[in-house]
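Single-letter residue listing:
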Amino acid sequence: MVLQVIVVPHSHIDTEWYWTYDTTIQWSREIVQQALTRIAQDPRYHFSQDQVSVMAPVWNQMADDERTAWREAVARGQWEPLLGFFTSSELAEPSGESLVRQILYGQAWTQAQLGQAARIAWLIDQFGQIPQLPQILTQAGYQGYVFCRDLPLDRDITQFPADFWYQGPDGSRLLTHWLTTVGYCVGPETLADRLPTLQHHSHQNLWLIPWGCDVVRPEMSAAEVLDFVSQAVHQIVPDAVVSLGTPSQYFDRLGEQADALPTVDWDFNPPRRRGDLRGTFDNRYRFKVWHRQVEEMLVATETLAATLGVPLGEHWMRNWELLLLSEFHDTMGGSCSDTVFERAMERLTGAAQDAQCRQTQYLGGLGLDEAVPVFNPRLQWGCEVITLLPGDATGAWIGQDGDGNLLPSRQVAPGSPVECVLKLPGLSVGSVRVVRGSESTVERTWLTREDSEVIVKTTQYTACIQPREGTLSWVKTPDGQGLWETEDRANSVEFWHETDPDLEGTLTLNGHRELLSAPPDECWVERSALGYTLRIGRPALGGRLRQTFRLYDHTPRIDLRPRAGRRGPARRPPGRALSASRRNPFRDLV
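Residues numbered from 1 in each chain as written. Predicted model: local features only at pLDDT ≥ 70, side-chain atom pairs only at ≥ 80, totals over all residues. Heavy atoms only, no water.

Draft legend 1. Representation of the overall build of the chain within the structure. Each helix and strand counted, the chain has 12 helices and 27 strands in total. Judged by the C-alpha coordinates and their principal axes, the chain covers about 85 × 60 × 45 Å. Across the chain, every contact between residues at least 6 apart in sequence was considered, and the portion connecting residues at least 24 apart equals 70%. (Helix = DSSP H or I, 4+ residues; strand = E, 2+ residues; numbered from the N terminus. Contact = heavy atoms within 4.5 Å.)

Rendered as structure tokens:
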């Protein structure tokens, strides 16, 4: 069969990276106008663009005749809106809720303004994928998926096909194209070097060449692109047919050969083979933590409004847009400038403040007096651990629910914050306050390396701590089901050596590594009315690594809190009070 080569002119624009979103909008305006001009001049020209966060601001700045020309180009199939996400988000770090919202909000805009929802998930610059994508994308109506990063290190990819069925854990399958080592950046300078790799991995008589790159203007005409690509391709396959097209056209032809494609269920995450952009999962962690908390606040606010029958109003979606915009893969991954990071944090804070105000307003109308209202946004029973400040700094205090029942509480010293557990049915509102009570018992036992293993039991879990190694060897539920078991490398720090380190770019590990696993010099177990607190501390990286485990008596919940810092050795006077940490103030309302 004759080889069909489809060249896809496109431009990938980082919503924000080393430049700000304002600059992106300016560049996007130039790219869109130039592409529409070429489409109007030549019916052979095609162009594809991803991200509503890029296209929507340009659309809003356009005159009516420009919008009409854009919509008509989409209807003719010369312009294809890709991705259908609000922005080209990171995939492994946001929750499933955010990924679904990306699609819901992105596709709604694409359909309403351009008259056509995106058919192809064009996720070409993300740092790894997630196995559940086929399930999410097929249920959202996508017909194809294109990605660049990454293949697992433990797999032989010498014969891995560029085209295959990608199968999710639930059995969902989606036609998928891997951009091989060709990547999404192909142009006059790189085409000849990329074609042999493309030929090797393309097992069908069909090639996809993404013609473009980051912030690339469509400067070459259709004739210029076809002539250049045809000359290069014909040196390898003389009778190949080369045409300009869109990803949808490629997948339409691929669908004709779908029965011959293999099914793959690999986990394409994290991007260690390409080693592209280190720090994706640990860089700028404050943003990642704050993002997840704000996301929970937005979901809880919507659930509270629905439960109480309160309309959210037309401006509520703006909060989600602020959050979704900040999920752009370079922003959330942390590979961005300080200015971009700070602006993203500000966007999240703005959404959080609006959600807090709404929660306060909704709950304030319930007449709970001076008690702190607590809402359980889940469908099932839930237990919330709440931290409250007592009325003054003297005496002992204890938590009390709205019916006057005393709650399991923990107060490490007179006048210090009080932690208590409140159990609520699903989709219900309760309240909690602190009242004068008897002094709560907080018993702490300091362990030494000479102590044997210590077993602690709550109503929910059993845990075994080994002071010599400083490991939590196992935790299990009452029915005997194991939750996790540690290995020899548990609680250790591993160093990998790199050749020619670069803060931005490929991670070049030379294979040499060292394992640092210092023995613990801080190990204790605390018993209170809430349950057990286990603490393991050890020297690490010139400072300290502390791991705190909380096991509760009254809720099937385990809190894990690792902390790394440069504090000195732990003081170990028996009975030393543990300073209570302050929770995020917004969380007490959720």
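Draft legend 2. Highlighting the nonpolar core. Ranked by internal contacts, the top residues of the largest apolar core, which has 70 residues, are Val5, Val7, Trp70, Trp79, Ile209, Val229 and Val233. The leading source of residues in this core is helix α12 (residues 338–364), at eight residues. Beyond its immediate chain neighbours, meaning those up to four positions away, valine 229 contacts Val7, Leu191, Ile209, Trp211 and Val242. (Core = buried A, V, L, I, M, F, W, Y, C linked by side-chain atoms within 4.5 Å. Buried < 20%, exposed > 50% of the residue type's maximum accessible area, 1.4 Å probe, protein only.)

Draft legend 3. Structural detail: the packing of helix α1 (residues 21–41) against helix α2 (residues 52–61). It is the contact of α1 with α2, at a shortest axis distance of 9 Å, that shows an interaxial angle of 70°. Relative to α2, the element α1 lies roughly perpendicular. The chirality of how α1 crosses α2 is right-handed. Contacts between α1 and α2 involve Tyr21, Thr24, Ile25, Ser28, Arg29 and Val32 from the former and Ser53, Val54, Pro57, Val58 and Gln61 from the latter. The class makeup of the residues in the contact of α1 with α2 is six nonpolar, four polar and one charged. (Axes fitted to C-alpha atoms, helices over the stretch in contact; angles between N-to-C directions. Parallel < 35°, antiparallel > 145°, perpendicular 65-115°, else oblique. Left-handed = near helix turned anticlockwise from the far one by under 90°. Nonpolar A, V, L, I, M, F, W, Y, C, P; charged D, E, K, R; others polar.)

Draft legend 4. View of the pattern of salt bridges. Enumeration over the complete set of coordinates arrives at 26 salt bridges. Measuring nitrogen to oxygen at the nearest pair gives 2.6 Å for the salt bridge that ties arginine 347 to glutamate 16. You can see arginine 347 sitting in helix α12 and its partner glutamate 16 sitting in the loop between β1 (4–11) and α1, a full 331 residues away along the chain. By the burial criterion, arginine 347 is buried, and glutamate 16 matches it. Residue arginine 149 is joined to aspartate 125 by a salt bridge in which the shortest nitrogen-to-oxygen separation is 2.8 Å. Residue arginine 149 is found in the loop between β5 (144–147) and β6 (163–167), and its partner aspartate 125 is found in the loop between β4 (120–123) and α5 (133–139); the two are separated by 24 residues along the sequence. Both residues of the pair, arginine 149 and aspartate 125, count as buried. A network of salt bridges, in which partner residues are shared, links Arg410, Glu419, Arg444, Glu526 and Arg550. (Salt bridge = Lys/Arg side-chain N within 4 Å of Asp/Glu carboxyl O.)

Draft legend 5. Expanded view of the pairing of strand β3 (residues 79–82). Burial along β3 is two-sided: Trp79 and Pro81 facing one way and Glu80 and Leu82 facing the other are all buried. Across four bridges, the pairing between strand β2 (residues 47–50) and β3 is parallel. Considered in β3, the bridge of phenylalanine 47 is made with tryptophan 79. (Pairing = 2+ DSSP bridges.)

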